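# Structural features, examined
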Amino acid sequence: MSSAQQLLLTALRCDIDNLNHLATTADIVSDVSQFIHVLQRERGASTIYLASKGKRFKTRRATYLQHSQAAEASMRQRLEALSQESRPQATARLLRRIAAVWLSLDELDVLRHAIETFNISPDAATQAFNHLISNLLAIVFEAADTAVDPDITRALVAIFHLMQGKELAGQERACGAFGFTLGHFDNAHRTLLNQLVDAQQRCFDTFVEFATPEALGTWQQSLSPRTLADICQLRDIACQRSHHQTASGNTLGETWYELTTLRIDTIKTVEDTLNTQLTALCHHKIVQAQTELEQTKAKPDRPLPAPCEQLLALHSTQPLGDLTANALNSPLSRSLLELTHAQSSRLQGLSDELENTRKALRERKLIERAKGLIMAHQSMSEEEAYRFLRKTSMDQSKSMADMAQSILDLSAMLQRKE
């Protein structure tokens with residue numbers, strides 16, 4: 001076997017090692033997804049429990065606490081197995097993220113005891129849960145950032161942004177539950193609620209950009225317009241400067257909690273689908289690489305393709321000339337072409353980033369123009385016009401920029417008719 005063939009075999013084995021690492025990472029991401037979900041439930045129930053001084057959600061919080069502890073045990077078992085591997089299937093940065101999570105897990109019992117004894121405020125408890133969940137999401141981000149296979153990277157990026165959007169939805173649930181249970185929202189919590197809604201939309205827009213067609217189909221079919229409409233109605237109520245009480249004497253906290261939980265649970269089903277697809281993709285890639293390795297072993301003397309053979313074939317009808325052809329076939333050709341490709345990729349990345357910035361500015365201008373029209377024709381304040389535009393876009397499953405463009409187009413059409 002030639003040195004080139006031996007190097008090729010080594011490269012294929014490296015590919016398989018990397019894919020095995022990604023498969024292990026996919027399993028960790030799935031565990032993280034489940035743990036975050038139960039922590040989000042515990043956080044929301046704990047908020048209502050604290051805000052109501054223990055009068056509400058005591059039993060439900062105890063149930064969610066048991067679910068969190070079971071998921072935590074599975075998470076610890078996964079991390080323990082990873083730490084005991086002689087060569088952990090994870091990068092150094094990912095291992096540091098996992099170590100940070102482990103330290104946060106050790107503080108959970110202290111947090112739960114403080115909640116049980118009312119020695120912590122609802123906001124402080126929420127922030128403590130947020131910190132732990134943020135560390136858990138950092139594991140998913142690190143996995144996406146260090147993945148080497150482009151298909152797996154896209155899948156991880158889609159999962160991360162869906163999970164991030166779901167976490168912001170969970171924070172919105174906790175914030176709304178606190179305000180509705182208390183009976184009113186102060187300026188800080190009203191502002192936070194609006195910020196969380198906007199941040200969610202940005203995450204979900206990025207998810208849509210990177211998700212596969214199958215994932216998008218699941219996403220579009222799972223969202224209930226009725227549930228979204230009810231949540232938007234309660235969001236509008238939260239922005240009012242009055243106390244919120246239902247006719248039966250119960251606060252809107254539980255209604256808000258049930259609606260937002262229904263939405264979050266629905267997002268979780270999409271998340272589970274993505275995790276299943278990611279695991280299947282990893283194992284499919286491993287099988288492909290192993291098959292290629294076995295074929296290479298079976299035919300060790302199979303000639304390797306000449307450098308730039310395909311490129312030369314493209315110009316078969318128009319000869320490149322002896323100097324160009326010799327250069328392309330020289331020993332330096334591969335490294336030079338790879339360097340050029342790397343430089344081109346970096347430039348394309350900068351160009352894409354610039355275009356994304358321009359797109360964001362264009363969309364912002366559209367939204368501002370549409371908001372001005374709404375203010376003028378509906379006698380709304382700027383904040384009311386923005387909420388109206390946001391609610392309408394969500395009701396019609398459109399981005400705010402697309403909704404703004406539709407409003408501007410309609411306005412132009414009506415003016416022409418006049």
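Report on the accompanying structure. (Residues numbered from 1 in each chain as written. Predicted model: local features only at pLDDT ≥ 70, side-chain atom pairs only at ≥ 80, totals over all residues. Heavy atoms only, no water.)

Turning next to the overall build of the protein. Check the secondary structure of the protein and you find 15 helices and zero strands. Each of the 418 residues in the protein was classed as buried or not, and the buried ones make up 42%. Here the analysis covers contacts within the protein between residues at least 6 apart in sequence; of these, 77% occur between residues at least 24 apart. If you sum the accessible surface of the protein, you get close to 22800 Å²; carbon and sulfur atoms cover 54% of it. (Helix = DSSP H or I, 4+ residues; strand = E, 2+ residues; numbered from the N terminus. Buried < 20%, exposed > 50% of the residue type's maximum accessible area, 1.4 Å probe, protein only. Contact = heavy atoms within 4.5 Å. Areas by Shrake-Rupley, 256 points an atom, 1.4 Å probe, with all protein chains shown as cover.)

Spanning 14 residues, helix H14 (residues 382-395) covers 20 Å between terminal C-alpha atoms, matching the ideal 20 Å at 1.5 Å per step. Along H14, the residues classified as buried are Ala 385, Arg 387, Leu 389, Arg 390, Thr 392, Ser 393 and Met 394. Looking one or two places after H14, you find Ser 397, whose phi comes out positive at around 55 degrees. (Expected span 1.5 Å × (residues − 1).)

The next point concerns the environment of Asp 395. Topologically, Asp 395 is positioned in helix H14. Of the residues examined, Asp 395 reaches a relative accessible area of 33% and is grouped as partly exposed. Separated by 169 residues in the primary sequence, Asp 395 and Arg 226 have C-alpha atoms spaced 8.5 Å apart.

Moving on to the pattern of salt bridges. In total, this model carries 19 salt bridges according to the counting rule given. A salt bridge links Glu 167 to Arg 43, with the nearest nitrogen and oxygen atoms 2.8 Å apart. Taken as a pair, Glu 167 in helix H6 (residues 150-182) and Arg 43 in helix H1 (residues 3-51) lie far apart in primary sequence, 124 residues in all. The buried category is assigned to Glu 167, whose relative accessible area is 3%. Here Arg 61 ties to Glu 116 by a salt bridge, and the two come within 2.8 Å at their closest N and O atoms. Residue Arg 61 is found in helix H2 (residues 58-83), and its partner Glu 116 is found in helix H4 (residues 108-116); the two are separated by 55 residues along the sequence. Under the relative-accessibility criterion, Glu 116 is labelled partly exposed at 40%. One salt-bridge network, held together by shared partners, links Glu 42, Glu 72, Arg 76, Asp 106 and Arg 112. (Salt bridge = Lys/Arg side-chain N within 4 Å of Asp/Glu carboxyl O.)

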